[in-house]
Every structure is written in C-alpha cells, then in structure tokens.
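# Topology and contacts: notes
So the chains spell out like this:
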Amino acid sequence: MDRLYYRITVEGEIGPRYAAAFRGMEIRAAHGATEITGPVIDQSQLHGLLDRIADLGLTLRSVTPMNTDT
Amino acid sequence: MQSFAIISGGLSQPRVDNDSPAPRAREPRAKRSGLQLSEAKLMLPRVQPGVVRRPRLFRSLDRGRAAALTLIDAPVGYGKTMLMRSWCSEHPTPVAWITLDEGDADPVRLWTYVASAIERVAEGLGRPVLRRLAVPGAPIEPTVDQLLNGLHTYARPLAIVLDDLHLLGSEPSFRSIGYALERLPENVRVLATTRTDPPLRLARLRARRGLSEIRAHELAFTVDEARELLVRREGIELTDEDLGLLVERTEGWPAGLYLAALWLRDLDDPREGVRAFAGSHRAVAEYLAGEVLESLAPDTKDFLLRTSVLGRFTPELCDAVLDRHDSAAVLAELRHSNVFIVALDGHGEWYRYHHLFGELLRLELAEARLAKPAALHRRAAAWYQGQGLVEDAIEHAAAAGDQPTVADLLAEHEVELFQSGRVAMFLSWIKRLPPELLLEHPSLPAFGVLAAGQLGRPAVELQQLLSVAERARETRPASWAPLLEAIVEVTRVAFLETDAAAAIEHARRAVTAAQADAMNTFTVAALASLSNALFFAGDLAQARTVALEAVERPEAPERPGGYVAALGLLAAIDAEQQRTASATAWARQAIAYAQETGQADLWPVALAHLALGSALASTGHLAEAEREAVRGERLRRTPQPTTAHAHALLVLAEVRAARSLPARAASDLERARAVIAELPDPGRLPALADRVQTMLDVEPARPERSPIEEPSEGELAVLRYLATDLSLREIGGQLYVSLNTIKTHTRELYRKLGVHSRAEAVTRAATLGLLEPPA
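From a predicted model like this one, the values you see are computed outputs, not experimental measurements. (Residues numbered from 1 in each chain as written. Chains lettered and ligands numbered in written order. Predicted model: local features only at pLDDT ≥ 70, side-chain atom pairs only at ≥ 80, totals over all residues.)

## Structural notes on the overall build of chain A
From N to C terminus, chain A includes 2 helices and 4 strands. Here chain A holds 70 residues, and 20% of them are scored as buried. Across chain A, contacts joining residues at least 24 apart in sequence account for 63% of those joining residues at least 6 apart. (Helix = DSSP H or I, 4+ residues; strand = E, 2+ residues; numbered from the N terminus. Buried ≥ 20, exposed ≤ 12 C-beta atoms within 10 Å, placed from the backbone. Contact = placed C-beta atoms within 7 Å.)

Following this line, the structure appears as structure tokens:
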C-alpha cells in the first residue's frame, strides 16, 4: 500500500511543548527552522496538520511530499 | 424525497399570531420556544484595559465604509477581534455582533444568530425571519431576502460583524453570505475577521460595491505601538534599541508582543530577556508562551489549564468544573492583568480565551497531565445541561467521548432541536453514534430518518437509517412510540411512491399509528400522505374524504406541511372533477397559507398551483392559468423520475393546450411520457397522458388571426385552380368564365385570406383546410 510522507517546514525551532502537538511525526529543529516529517493518511489529514500549525501561531515555509526511503 | 415536506409540519412551532393582543409572555426578546440560544455568541467582547488603541487602523476601517464587506484577514494573534471591538466602541453605528463557530456551518443556525443579533439592534427586523428559519427544509435564500428587505426598509446605518469567518468552513454557509453581500442595502456594512481568505466571490464584490481589506502587514505593530504597549502601559524599562529588536524578532506579531509584555514585566532584567529572546532561533510563539506559563503562580496555572478545555465559560461553570468557589474573583483578577482572557459584555459574565492562548494552554494541559480533559468535559456537559444549553452540553459530552450521554441528550431534546431547525446538526450527531446506542434509543434513528428526509439526503442514506429504525422497532417494541411508527411508515410511502397498492397500505398504517399518538403530531401529515397515495392510485372519492378529514382536524393549522398538502389535494381532486369554483377556493387557501408559513417555495404547495392552473384554464383565464401551472411544475421538478413530476407535466401540457400553445404542450407531454416510461408503476398516468394527447389532436394549430370571411363558391373554385400551375387565363378557360371574372375572384380571395400573392394564397388556403385533396 502506498503511504504518503510529507515534510512540512515551519519558521523557528520548536521545542518539546509544540512537538507534543505533532505526535507520530519526526521533529528536526535547526538553523532557525523546523522540519516536521512523517506519514500522512490522506489529504484531509494533511490539511488538518496545516490547520494545527496555523492555530499554534507558526509560520509555514514549505510542504513537500517525500518518498518513503528518504 | 419531497414527500417529507408534508411531514415537516408535524414538528413545526405553533403559529405565533403577530397581531394577537396577548403576546407569548414567557419569551424574552430574541429567544424562541425550543432551543435556547447561546447568548455568548451575540455578545461583544469587552474592551480590554491593556489593549493598545490603534487609531491608524480605525482610519483604515473608516475608509472602507462604502464597501459591502470589510475583511480583517490575518493569521491568529494579530489582534483582529480586539481591533474590531475597539472600533465598535468608538463608532456611533449600531452593531449586530456574531461570534462564529464551527456549528454555524449549518446555514440555518448561522442565520438564526444573525437575525437574533439584528433583532437586538433593530427591534422587529429579526423576528419574522426567525420564525421562517424554524421551518425545516426551507431554502435559505428567500429567508435572507426577507432579512435584507427589512434592513433596507430600516434605512438607518447598521453594521454586522462576523467574528472568525474562517470557522464557517461550509459551502452552503459561505454561499448564503455571498448571496447576502451581493444584495446588501446601502445602509448596511458587513465587517468580518478571518484567518484565511474566504471562498466568496471577492472579485465580483470589488467590482460592485467594493471590498475593503486590512491584512497582516497593516496589523503588525510598529515600533511606536510596541513602545506604547511595553513601555508606557506596562512600564517595562526598554530602550528604543530593545524595542527595535523585539519588533524585528516578532515581525510585529501582536500576540507575540503581548506575550512578551506579560513575560518581561515580571523580570528583574527585561533588557537581558529581550536580548536572549532576540538571539534565539526558537519559534516565537512557543518561546514566549513557555516563558509566560513558567512565570505563573501554580494556582493560577492550574486554573488556566483546566479551564482551557471550555470554549466559553462563566465563573459558575468554572466552579462546577474545577470544584472551586472563587472562580469569579480569579477571573476578575486575571482579566485585569492578562489580555488573553477576553470578557464578554452582558450580565452573564461570560469569558473566553484568545484562540492562540487557549491552544497553548491545552497543549500544556496535555503535557502536564494535570487532569484528564475528558473528566473536565463531562462536568461541563452536566453544567450546561442544568442550564438548558443543550447544544453546548452535547458538544462537551461528545468531547468527553461520552456517547451514551450524547444519545440521552439527543433523545431528550429531539423535538426542541427539530423545532429550532437544528435538523442538520441532529443528523450529524446521530451519524456519529454507534449502532447499539441507536437501537437503545429507537426515537433517534426514527427522527434521523425524518431529518435526512427533510434535508433531501440521497435515498441510500435514508434507506440505511430506515433499516436501523426498523431494527430498533423489533428489538425495543416497548420504546417504539406510535409517533415513531408514523414517521417510519410515512417514509416507506415516500420510498414506495410509485407502487400504488403498497403506498396505500403503508399510508394507512401511518394514519393508525399517528392517531395513537396523544399529541397527534403526525396525524395531518399521515392523512395527507394517504390521500396523496389514493389520488395517484385513481381513487378520487376516497382521496377526497381523507383529505377533508385532514383539513378538518383541530390541530391542522399548526401542521403547516400536512395542511398545505391536504388543501392542495382537495384542490386537485375538485379540479380534475370539474368543480372549478371549489377547486379555486381550496387552491387559493393553500397558497395563501403556504405564504404565511414560509412554505411558498416548498413541494407541498405545488399541487395547489397545478390545480389552480387547471381551474383557471376552464374559466378562460389562460395566461394566469399557465403561470400557475408553470410554478407547480417547477416545484415538482426532480432529477430522478417521480409520479408527482410526471403528473405535473401532464397538467401543464393540458393548460398549454387550452391556451393554444400546441408545440409547447406537445413537448411537455413528451417529457411526461419519458418520465412515465421510467416509473415501475405509473398507475393512472398513462391514461391521463392519453387524454392530453386527445386534446392536442382535436385542437389543431389555430390561425393567429380571427376567423376569415367565408369565400363564395365561385371563389373557392378559382382557389383550387390557383394551386395548380395554370395561368389565370387558362383557369378562366377551365371554368368557362372571363379573365376579368377570374381576376375579380382572385382579388377577393387575397383580401379575405389576407395575402398579397398567389403563392401566399395557396399556402394560407392549405393551412385553413380550404383546398380539397387532389382528386
């Protein structure tokens, strides 16, 4: 089964508090930005994630689909 | 499933007579019998003492005064609501304020609140609209029109504020707002705060009356405004260099600056704080929120975290949820010192948290594991239930994952929910419940069927709900009230509309069940359904008896859908049996009543229009007859083939034939036959179609002019020869008369036929049937 993976990049490095809002995703914070990477079931879930990011006052930088082996 | 409109009447509010001398004393303004409104949604937030006044933005808002829509469009934390609120307090224009939430995705609920808010500002404008909104299944646009007309007549300036427009998230709601904006009277202005660009036709708005926008870059704080906040208001000792750093790092994000204010004012060395913050690469929101939360006293922190699960709250609610007695004091204190706690106007002392702040608190609650949110939601649900705020109670019970409570609440308040037009919400809640709960509360799937029918859901969905309802009937016969039986049986009739015998059977069962219900909630509707079934089966005598029974029932005027349907049936039966005067009377009564009860655009009144069309055609009022028949057919038009639509087309064809429009009549007849061909059991419709066909054959295309002067024998003789290629002289030879005589006859013929040439004369004569077929 094909799994969707996405890497969402936001402005600023996030810490443990905000990381808790993205359970199930890998968080990598460095150089003034954070990469949130992980599996996404479908478009609805992806948009849910983006809404969450907006709700937390984070600034979106990019949304990139990934291959599973990256 | 338009038949459901018949049974909408069963649960409508009793008619409120606006001219009656003794108004319903119990009802305070802007409340309705049925569901209580959440007053908090209509309250303006109180102006916070700590909020910086921003005159430059007020000027922007003023500049947009001619625009129909002013959008304040920016992400969370840009001070949109506060700006809106401050501006309102300085502006003389009366404001109808509505704080939107996800529930307003249902247009009925949205406009209920809008109308209520307007009612508070302009008495009498909202009330008629509110009544109309309570009619289930009513299309929203005519209702919006009514509101707009009222606003136009009001003529004085009025502002409608929609806070958090992005939460609407639904096509129908946005569509209705777009519709309103395009027809907004000059004296009204809509201002909306939103986080995302709304799906409205903004380009069209710009072209028409203008759209005014204030976006993030304008809402960002300038260094001067930051100085006003941090140095002058909060008394934090910062230099201009510090302020510059702060504004740069936060990019002027107001929430960031207010968080910074909360944090820095308690620090011994705020300048150091600013430098550390400016030097870090951390996300602004999390960094500052973290600092603020850390600096809170434990008791305050506890209070904030636990109450963060509540959307809106009063001190009483907080006390109930936290098991305290001092929430009022805590909140009053907090409100003064913390700009993120928003107090709402009014005596009820409602509060809420700023969205971002609430979000941060909830995250912290999850991390701190102070308390299980579910437990908090449960207490909130109980409190709301005690207050009679059913919708909030259900939301919190659902948030607590407490589905049995949700089911209990829905079952207890189902009638109220229906009476207040919350049909869509009811259905969406039902659909989230597990089957076991639906079987335990048989009224839920039954009312779910009713809701789905009224909302025009696809047949598949109705069938599913119907199956659950029928299973519930089997497993819990003791809880299966006659009312539910009536609903299920009337639904079956709607499904089996085209199987005449079965439809009658189920309708009879529905009547029996409805009559067993003490309140007679569905009796009129069930009788109307039965009459309808009999009518289409061809038993007009019985259909008439049953329809009469329906209209003569004492509660009939309070059952709008069923009443209109029954009146329409009486009209149709009388029209078909040539009792023209009686048919006209019934039809006009039905149409008038439908107007009064907001059902003018609904299915049940269609038959009345059709009957009126037939009756008027019989008395020669052909233009009006066609208008009525057209209206009736339009109301019965459906994508899938139905008996009712085929019938409507036949009536229309008949009326058009009478009006000498054979081409159109033939086309209507053809469409009718096409629909009939797809019906499994067309009953008596084919016979009716044949009757119309006969009418069309007997009345050939009449000439546009009035009947001609009869040609004489001699002229007719010449006419027949004109159709040949003999010259006039040769014709004279054939008839043994002179050329002159032929010319005289020809001239006379041309005059009588109204033509100017031989060819024209021949064509005309042929049309009039004056030429005999060639020997």
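## Re the overall build of chain B
Secondary structure summary: chain B contains 40 helices and 8 strands in total. Here the analysis covers contacts within chain B between residues at least 6 apart in sequence; of these, 68% occur between residues at least 24 apart.

## So, the sheet that holds strand 6 (residues 312-313) of chain B
All names here are of chain B. Across the sheet, which stays open at both edges, the 3 strands sit in the order 6-8-7 with antiparallel pairing between neighbours. Each edge of the open sheet carries a strand with a single partner, namely strand 6 and strand 7 (341-343). Pairing of strand 7 with strand 8 (residues 351-353), which is carried by 3 bridges, proceeds in the antiparallel orientation. Pairing of Ala 343 across the sheet is with Tyr 351, part of strand 8. (Pairing = 2+ DSSP bridges.)

## Some details on the sheet that holds strand 2 (residues 95-99) of chain B
Residue and element names in this part refer to chain B. A sheet is described by the order of its strands in space; here 5 strands give the open sequence 2-3-4-1-5, paired in parallel fashion. Edge positions in the open sheet fall to strand 2 and strand 5 (211-215), since each of these has one partner strand only. Between one strand axis and the next, the sheet turns by 15 degrees as a mean value, whatever way the strands run. Two elements, strand 2 and strand 3 (residues 158-163), share 5 bridges in a ladder whose sense is parallel. Bridging from a neighbouring strand, Ile 98 pairs with Leu 162 of strand 3. (Axes fitted to C-alpha atoms, helices over the stretch in contact; angles between N-to-C directions.)

## Some words on helix 14 (residues 284-294) of chain B
Among the 11 residues of helix 14 of chain B, 9 are classified as buried, and the element is accordingly described as predominantly covered. For helix 14 of chain B, the full list of buried residues reads Val284(B), Ala285(B), Glu286(B), Tyr287(B), Leu288(B), Ala289(B), Gly290(B), Val292(B) and Leu293(B). In the core, the buried residues of helix 14 of chain B are packed alongside helix 1 (16-19) of chain A together with helix 11 (240-250), helix 12 (254-264), helix 13 (270-279), helix 15 (298-307) and helix 18 (355-368) of chain B.

## Digging into the interface of chain B and chain A
In this complex, chain B contributes 18 residues to the contact, which on the side of chain A involves 16 residues. Residue assignment for the side of chain B that touches chain A shows that the elements contributing at least two residues are helix 14 and helix 18 of chain B. Among the elements that line the side of chain B that touches chain A, the one with the most residues is helix 18 of chain B, at 6 residues. A breakdown of the residues in the side of chain B that touches chain A according to their chemical character gives 9 nonpolar, 3 polar and 6 charged. (Nonpolar A, V, L, I, M, F, W, Y, C, P; charged D, E, K, R; others polar.)

## Some words on the packing of helix 28 (residues 523-537) of chain B against helix 29 (residues 540-552) of chain B
Residue and element names in this part refer to chain B. Taken N-terminus to C-terminus, the directions of helix 28 and helix 29 make an angle of 165 degrees; their axes are 8 Å apart at the nearest point. In terms of orientation, helix 28 lies roughly antiparallel with respect to helix 29. Two packed elements cross with a definite hand, and for helix 28 against helix 29 that hand is left-handed. Every residue of helix 29 that contacts helix 28 at Val 524, Leu 527, Ala 528, Leu 530, Ser 531, Leu 534 and Phe 535 is listed here: Leu 540, Gln 542, Ala 543, Val 546, Ala 547, Glu 549 and Ala 550. Class assignment for the residues of the contact of helix 28 with helix 29 results in 11 nonpolar, 2 polar and 1 charged. (Parallel < 35°, antiparallel > 145°, perpendicular 65-115°, else oblique. Left-handed = near helix turned anticlockwise from the far one by under 90°.)

## Some details on the confidence of the model for chain B
All names here are of chain B. When the pLDDT values of chain B are averaged, the result is 86; 91% of them are 70 or greater. A low-confidence stretch, residues 9-34 stays under pLDDT 50, and its non-local contacts, those more than four residues away or across chains, total 43 contacts. Two summary scores accompany this predicted model of the complex, namely pTM at 0.69 and ipTM at 0.89. (pLDDT = per-residue confidence, 0-100.)

## Details of the packing of helix 28 of chain B against helix 30 (residues 560-576) of chain B
All names here are of chain B. Contact geometry for helix 28 and helix 30: axes closest at 8 Å, N-to-C directions at 30 degrees. Comparing the axis directions of helix 28 and helix 30 gives the class roughly parallel. At the point where helix 28 passes helix 30, the crossing takes the left-handed sense. Residues Val 524, Ala 525, Leu 527, Ala 528, Ser 531, Asn 532 and Phe 535 of helix 28 pack against Gly 561, Gly 562, Tyr 563, Ala 565, Ala 566, Leu 569, Ala 572 and Ile 573 of helix 30. Here the residues of the contact of helix 28 with helix 30 are counted per class, giving 11 nonpolar, 4 polar and no charged.

## Considerations on unusual backbone geometry
Residues and elements named next belong to chain B. Although it is not a glycine, Ala 155 sits at a positive phi angle of roughly 65 degrees. Among the structural elements, Ala 155 can be located in the loop between helix 6 (140-154) and strand 3. Of the residues examined, Ala 155 has 11 C-beta atoms within 10 Å and is grouped as exposed. The phi torsion at Glu 251 lies on the positive side, around 60 degrees, for a residue other than glycine. Relative to the helices and strands, Glu 251 resides in the loop between helix 11 and helix 12. What makes Glu 251 partly exposed here is the crowd of 14 C-beta atoms within 10 Å.

## Comments concerning the pairing of strand 4 (residues 188-194) of chain B
Residues and elements named next belong to chain B. Among the 7 residues in strand 4, 6 count as buried, and that is most of the element. Looking at chain direction, strand 1 (residues 69-73) and strand 4 are connected through 5 bridges and run parallel. Bridge pairing in strand 4 links Leu 69 to Val 190. Pairing analysis gives 5 bridges linking strand 3 to strand 4, with the strands arranged parallel. Bridging from a neighbouring strand, Ile 160 pairs with Val 190 of strand 4.

## Points about the nonpolar core
Residues and elements named next belong to chain B. One finds Ala 526, Ala 566, Leu 567, Leu 569, Ala 571, Ala 590 and Ala 611 to be the most contacted residues of the largest nonpolar core, which totals 245 residues. The residue makeup of this core includes at least three contributed by each of domain 1 (8-18 + 30-219) and domain 2 (223-294). Apart from residues lying up to four places away in sequence, Ala 526 is in contact with Ala 486, Val 490, Ala 507, Ala 510, Val 511 and Ala 514. One finds Leu 722, Ile 731, Leu 749 and Leu 753 within the second-largest nonpolar core, a separate group that totals 10 residues. (Core = buried A, V, L, I, M, F, W, Y, C linked by C-beta atoms within 7 Å. Domains from an automatic or database assignment.)

## Some details on helix 18 of chain B
When the terminal C-alpha atoms of helix 18 of chain B are compared, their 20 Å separation across 14 residues agrees well with the 20 Å that a helix rising 1.5 Å per residue should span. One or two residues past the end of helix 18 of chain B sits Arg369(B), with phi positive at roughly 50 degrees. (Expected span 1.5 Å × (residues − 1).)

## Thoughts on the environment of Glu391(B)
Residue and element names in this part refer to chain B. Counting through the fold element by element, Glu 391 comes out in helix 20 (residues 390-399). C-beta crowding within 10 Å serves as the criterion here: with 21 such atoms nearby, Glu 391 is assigned to the buried category. Separated by 34 residues in sequence, Glu 391 and Met 425 place their C-alpha atoms 9.2 Å apart.

## Some words on the pairing of strand 3 (residues 33-40) of chain A
Residue and element names in this part refer to chain A. Direction of pairing for strand 1 (residues 4-11) relative to strand 3: antiparallel, over a ladder of 8 bridges. Looking at the pairing, Arg 7 lines up with Thr 37 of strand 3. Where strand 2 (residues 26-30) hands over to strand 3, the hairpin turn is made up of 2 residues, of which His 31 adopts a positive phi near 55 degrees.

## What about the environment of Leu246(B)?
All names here are of chain B. For Leu 246, the location among the structural elements is in helix 11. Residue Leu 246 is classed as buried on the basis of its C-beta count, with 27 C-beta atoms lying within 10 Å. In this structure Leu 246 touches Ala 226, Leu 257, Ala 260, Val 274 and Ala 278, once residues within four positions along its chain are discounted.

## Notes on the environment of Lys41(B)
All names here are of chain B. The topology assignment puts Lys 41 in the loop between helix 1 (4-8) and helix 2 (55-63). Measuring from C-alpha to C-alpha, the distance between Lys 41 and Asp 101 comes to 8.7 Å, with 60 residues separating the pair along the chain. If we skip the residues at most four places from it in the chain, Lys 41 touches Ile 98, Thr 99 and Tyr 113.

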